[in-house]
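# Understanding the architecture of this molecule
Spelled out from the first residue to the last, the chains are:
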Amino acid sequence: MIVRHLLGGPRGFQDLRIRTGIAPRVLSTRLRQLADRGFVQNVPVGNRSLYALTPRGESLEPIVRSIARWWVLNAMEDAGPYSETTPASVVEGLPFMLHEEHATGVKCTYDLRLTGEGGGVWTISIQEGTCRVREGFADHADVRYTADARDWCRLALGHMDDREAFQSGRLKKDGEGRSLAWYFHQPLVPPDPTVGENA
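In this report, we go over the structure that sits alongside the text.

Parameters and conventions
- Residues numbered from 1 in each chain as written.
- Predicted model: local features only at pLDDT ≥ 70, side-chain atom pairs only at ≥ 80, totals over all residues.
- Heavy atoms only, no water.
- Helix = DSSP H or I, 4+ residues; strand = E, 2+ residues; numbered from the N terminus.
- Buried < 20%, exposed > 50% of the residue type's maximum accessible area, 1.4 Å probe, protein only.
- Contact = heavy atoms within 4.5 Å.
- Areas by Shrake-Rupley, 256 points an atom, 1.4 Å probe, with all protein chains shown as cover.
- Pairing = 2+ DSSP bridges.
- Axes fitted to C-alpha atoms, helices over the stretch in contact; angles between N-to-C directions.
- Salt bridge = Lys/Arg side-chain N within 4 Å of Asp/Glu carboxyl O.
- Phe/Tyr/Trp six-rings, centres within 6.5 Å; stacked < 30°, edge-to-face > 60°.
- Core = buried A, V, L, I, M, F, W, Y, C linked by side-chain atoms within 4.5 Å.

For the protein chain, the count of helices and strands is 10 helices and 7 strands. The burial tally for the protein chain puts 43% of its 199 residues in the buried class. Summarising the internal contacts of the protein chain: among those between residues at least 6 apart in sequence, 61% fall at separations of at least 24. Taken as a whole, the protein chain presents about 11,000 Å² of accessible surface, with 51% of it coming from carbon and sulfur.

Further remarks concern the sheet that holds strand E3 (residues 107–115). A sheet is described by the order of its strands in space; here 5 strands give the open sequence E5-E4-E3-E6-E7, paired in mixed fashion. The open sheet is flanked by strand E5 (130–135) and strand E7 (171–175), the only strands paired with a single partner. Neighbour-to-neighbour, the strand axes of this sheet turn through a mean angle of 20 degrees, independent of strand direction. Where strand E4 (residues 120–127) meets E5, 6 bridges bridge the pair, whose relative direction is antiparallel. Paired with Ile 126 across the strands is Cys 131, a residue of E5. Along the sheet, helix H9 (residues 149–157) makes contact with E3, strand E6 (143–148) and E7, crossing E6 at roughly 110 degrees.

Let us look at the pattern of salt bridges. Counted by the stated rule, this structure contains 9 salt bridges. Close ionic contact of Asp 111 with Arg 113 constitutes a salt bridge, the shortest N to O distance being 2.7 Å. Residue Asp 111 is classed as buried on the basis of its relative accessible area, which comes to 2%. The salt bridge involving Arg 170 is made with Asp 151; its shortest N-O contact spans 2.8 Å. A residue pair is termed long-range when its members are at least 10 positions apart, and Arg 170 in the loop between helix H10 (162–168) and E7 and Asp 151 in helix H9 qualify at 19 residues. For Arg 170, a relative accessible area of 42% translates into the label partly exposed. Linked through salt bridges whose partners overlap, the residues forming this network are Arg 11, Asp 15, Glu 92 and Glu 135.

Turning our eyes to something else, we now look at the packing of aromatic side chains. One pass over the full model with this rule turns up 2 aromatic pairs. Geometrically, the ring pair formed by Tyr 110 and Tyr 145 is stacked, given 6.0 Å between the ring centres and 10 degrees between the ring planes. Of the two residues, Tyr 110 sits in strand E3 while Tyr 145 sits in strand E6, which places them 35 residues apart along the sequence. Taking the centre distance of 6.5 Å and the plane angle of 65 degrees together, the rings of Tyr 110 and Tyr 183 count as edge-to-face. Pair noted here: Tyr 110 is in strand E3 and Tyr 183 is in the segment after E7, with a separation of 73 residues, a long-range link. Taken together, the aromatic side chains of Tyr 110, Tyr 145 and Tyr 183 make up a single cluster linked through ring pairs.

This part covers the environment of Leu 114. Examined against the element boundaries, Leu 114 turns out to sit in strand E3. Through-space distance from the C-alpha of Leu 114 to that of Arg 150 is 8.6 Å; in sequence the pair is 36 residues apart. What Leu 114 contacts, discounting residues up to four positions off in sequence, is Pro 87, Val 91, Gly 119, Gly 120, Trp 122, Ala 147, Ala 149 and Trp 152.

Moving on to the pairing of E4. Where E3 meets E4, 8 bridges bridge the pair, whose relative direction is antiparallel. Pairing of Cys 108 across the sheet is with Ile 126, part of E4. As consecutive antiparallel partners, E4 and E5 are separated by 2 residues, and within that stretch Glu 128 has a phi angle of approximately 50 degrees, a positive value.

The next subject is the nonpolar core. Among the nonpolar cores identified, the biggest contains 31 residues, and Tyr 110, Ile 124, Trp 152, Tyr 183 and Phe 184 are the most heavily contacted of them. Within the residue set of this core, elements represented by two or more residues are helix H7 (87–92), E3, E4, E6 and H9. Among the elements that take part in this core, H9 stands out by supplying 5 residues, more than any other. With sequence-adjacent residues up to four places away left out, Trp 152 is seen in contact with Val 90, Val 91, Leu 94, Leu 112, Leu 114 and Leu 180. Grouped together as the second largest cluster of nonpolar side chains are 14 residues, Val 3, Leu 16, Val 64 and Phe 96 included.

Quick look at the structure:
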């Protein structure tokens, strides 16, 4: 779990604690073990010291991705119901929930702007069957989404229909391109080939 969160970039201790839900003492022990084994290192960022993956740690990405892909296809529906999570966890989990067959041959960049508690801005890039997520505005976005952070979590997890959210104004979309829902598995919603035609 720690490696999965560090694949998104360097993180501080408190950030990792919130994202993983691991108790501080246990997290400290796990980070020390990962550092001792050469998977994690401390890196200076400004006046802070953050945890980051070493090249050895980064080499685990295909393994983490394969396990996550297996879980999405075989066990995700049994893990619900989902009710509470953080917007950052949902957005950063998107690469592991990608419908690779829907994303083949696609080149599209989304700018996701979430307001309210837990909000922020993320760039979601879908390129030839892969997905990358990073914090911050996109250099060039094909589609821009704006939504309340809580609504976004409900949409991504399948508690809210994207078309209804779009029509009611709870989800705003600027630009041309399919709905993000078309490209990602949702824990509570069975695949629907018509999702994303209008939103």
